[in-house]
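# Residue-level structural notes
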Amino acid sequence: MLRKSIALIMSVCMLLSLCACGKSDNKKSNSKNSSDESNITDTYEDNPSFVTPEKDNAENTPTSVKPEDKLSKSCSMVLCSGTDGSDHYELVANQIDGYPDSTFEFGVIKNNQWLVPMGSDCPFIDEKGWWTYSQGTNQPRDFEYIGAGCFYYNWRYPYDPKILYKPETGVSVVVDRIYENPNSEYGKDKYSINDQAEIIIRLEDAENKFPLVYINMNTGERKTLPLNSYHIDTIGIISEGLFFATTDEIGEDPQHGFYDLNGNKVIDLSSYTITDLKVRKFTDGKYTFTAKNNSNVLFDITIDKTGKVLSQEKVES
């Protein structure tokens, strides 16, 4: 009997000991889980960019961006467009049909934002809502983007007036001719206008004298130059205050030279037998052209803005 009692007591003691160990392990496990969760929370608070594995897929899934609708799609017509660096321009119009005539309104979009809101107050629309200079047929003619934020309304026929316009400044001028860039083979610029919107034009004035005029399309400044526009064959881009021009008098050989913005000839190139005029403008105070000597040997001649020769290098064949 005594042996049975002792065995029973020992069994109870062992059972109590196992229960105590189990509770201790549970406490350690709970403590470890609590510590892990605390570490995750602390890591997120210290570094907000930290993403838990459960959230990673949801928060890092790329979202598609819908392309911005083009304003010009809502217009009746896009007359022309052009790009300067990161700036993109569109000339647009709406046709408003009525009887006996349809009328038009005009606008300019820059980088998909209205630069000139739709309206009829612009140099291309007359007081009747017709296209300026249109006769008989009320339809738009040829528009071109020529650079420096400027547009050219060309009435197709050589002796009809044309319009040069810069929407950002509101400067416009009726012209008889703007000169094509003689350096077009060296670049994409078709007309002789520089990045500062300076240009030499032949103006149509009230007396039909067609004077040669310097105009700044940013400021509206203009000067009449003392040059006979009938004898001007080519005009280059204004650069560093000078522009290249070729005069072609009847019975004389064409004469090349550089002029200042008052129309004074400051460099005469007629003493050179030039074979290649190259870019026809100064860069960093220098201009280089190719000429041949009396023995027909070619040289690259570099001059400064006074016409002084800085270097002459033989062109190797």
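Our structure's up above, just so we're on the same page.
Attention here is on the structure that accompanies the text.

Conventions we followed
- Residues numbered from 1 in each chain as written.
- Predicted model: local features only at pLDDT ≥ 70, side-chain atom pairs only at ≥ 80, totals over all residues.
- Heavy atoms only, no water.
- Helix = DSSP H or I, 4+ residues; strand = E, 2+ residues; numbered from the N terminus.
- Buried < 20%, exposed > 50% of the residue type's maximum accessible area, 1.4 Å probe, protein only.
- Contact = heavy atoms within 4.5 Å.
- Areas by Shrake-Rupley, 256 points an atom, 1.4 Å probe, with all protein chains shown as cover.
- Core = buried A, V, L, I, M, F, W, Y, C linked by side-chain atoms within 4.5 Å.
- Pairing = 2+ DSSP bridges.
- Axes fitted to C-alpha atoms, helices over the stretch in contact; angles between N-to-C directions.
- Phe/Tyr/Trp six-rings, centres within 6.5 Å; stacked < 30°, edge-to-face > 60°.
- Lys NZ or Arg CZ within 6 Å of the ring centre and 35° of its normal.
- Salt bridge = Lys/Arg side-chain N within 4 Å of Asp/Glu carboxyl O.

### Description of the overall build of the chain
- When helices and strands are tallied, the chain shows two helices and 19 strands.
- The buried share of the chain, reckoned over its 317 residues, is 36%.
- A fraction of 34% describes how many contacts in the chain between residues 6 or more apart in sequence connect residues 24 or more apart.
- Only carbon and sulfur atoms are counted for the fraction: they give 49% of the accessible area of the chain, which is about 19,700 Å².

### A short note on the nonpolar core
- Ranked by internal contacts, the top residues of the largest apolar core, which has 19 residues, are Leu79, Leu91, Phe106, Phe124, Trp131 and Phe143.
- Of all elements in the fold, only β1 (77–84), β2 (87–96), β3 (103–110), β5 (142–147), β6 (150–154) and β7 (162–166) reach the threshold of two or more residues within this core.
- Residues in contact with Leu91, not counting those within four places in the same chain, are Met77, Val78, Leu79, Cys80, Phe106, Gly107, Val108, Phe124, Phe143 and Phe151.
- The next biggest cluster of nonpolar side chains, apart from the first, holds 18 residues, and it includes Tyr191, Ala197, Ile199 and Ile201.

### Side note on the sheet that holds strand β18 (residues 298–303)
- The four strands lie next to each other as β16-β17-β18-β19, forming an open sheet whose pairing is antiparallel. Edge positions in the sheet fall to β16 (274–276) and β19 (309–314), since each of these pairs with one other strand and no more. Each strand axis lies, on average, 35 degrees off the axis of its neighbour in the sheet, ignoring direction.
- Examined bridge by bridge, β18 and β19 share five bridges and lie antiparallel to one another. Bridged to Ile303 within β19 is Val309.

### Considerations on the side chain of Asn154
- The residue Asn154 is located in strand β6 in this model.
- Look past the residues within four positions of Asn154 in its chain and what remains in contact with it is Arg141, Asp142, Glu144 and Lys162.

### Concerning the sheet that holds β5
- Taken in spatial order, the seven strands make up an open sheet running β5-β6-β7-β8-β9-β10-β11, and their pairing is antiparallel. The open sheet has two edge strands, β5 and β11 (222–225), and neither has a second partner. Averaged over neighbouring strand pairs, the angle between their axes works out to 35 degrees when direction is ignored.
- With four bridges connecting them, strand β10 (residues 212–216) and β11 associate as antiparallel partners. Across the sheet, the residue bridging to Leu212 is Leu225, located in β11.

### Quick look at the packing of aromatic side chains
- All chains considered together, the criterion is met by 19 aromatic pairs.
- Ring geometry for Phe104 against Trp131: centres 5.2 Å apart, planes inclined by 45 degrees, an arrangement best described as tilted. Of this pair, Phe104 sits in strand β3 while Trp131 sits in the loop between β4 (113–119) and β5, and the two are 27 residues apart along the sequence.
- The exposure class of Phe104 is buried, given its relative accessible area of 4%.
- Looking at Trp131, the relative accessible area reads 0%, which means it is buried.
- A ring pair is formed by Phe210 and Tyr230, whose centres lie 6.2 Å apart and whose planes are at 85 degrees; its orientation type is edge-to-face. In this pair, Phe210 sits in the loop between β9 (198–203) and β10 while Tyr230 sits in the loop between β11 and β12 (232–235), placing the two residues 20 residues apart along the sequence.
- Judged by its relative accessible area of 52%, Tyr230 falls in the exposed class.
- Ring pairs connect the aromatic residues Phe104, Phe106, Phe124, Trp131, Phe143, Tyr153 and Tyr165, which therefore count as one cluster.
- Of note, Arg202 hangs over the ring of Phe210, and the distance from its end group to the ring centre comes to 5.7 Å.
- The ring centre of Tyr214 lies 5.9 Å from the NZ or CZ of Lys223, which sits over that ring.

### Topic: the environment of Asn138
- Its place among the elements puts Asn138 in the loop between β4 and β5.
- Given a relative accessible area of 14%, Asn138 falls into the buried group.
- Separated by 37 residues in sequence, Asn138 and Asp101 have C-alpha atoms that sit 8.4 Å apart.

### Some thoughts on the pairing of β4
- In this sheet, β4 lies alongside β3 in antiparallel orientation, the contact comprising four bridges. Bridge pairing in β4 links Phe106 to Gly119.
- Counted along the chain from β3 to the antiparallel partner β4, the turn is two residues long, and its residue Asn111 has a positive phi close to 50 degrees.

### A short note on the pattern of salt bridges
- Under the defined criterion, the tally for this structure stands at seven salt bridges.
- One salt bridge in this structure joins Lys110 and Asp87, with 4.0 Å as the shortest N-O distance. In this pair, Lys110 is assigned in strand β3 and Asp87 in strand β2, connecting sequence segments 23 residues apart.
- Note that Lys265 and Asp268 form a salt bridge whose closest N and O atoms lie 3.6 Å from each other.
- For Lys265, a relative accessible area of 38% gives the class partly exposed.
- Ionic contacts of the salt-bridge type, sharing partners, join the residues Asp87, Lys110 and Glu168 into one network.

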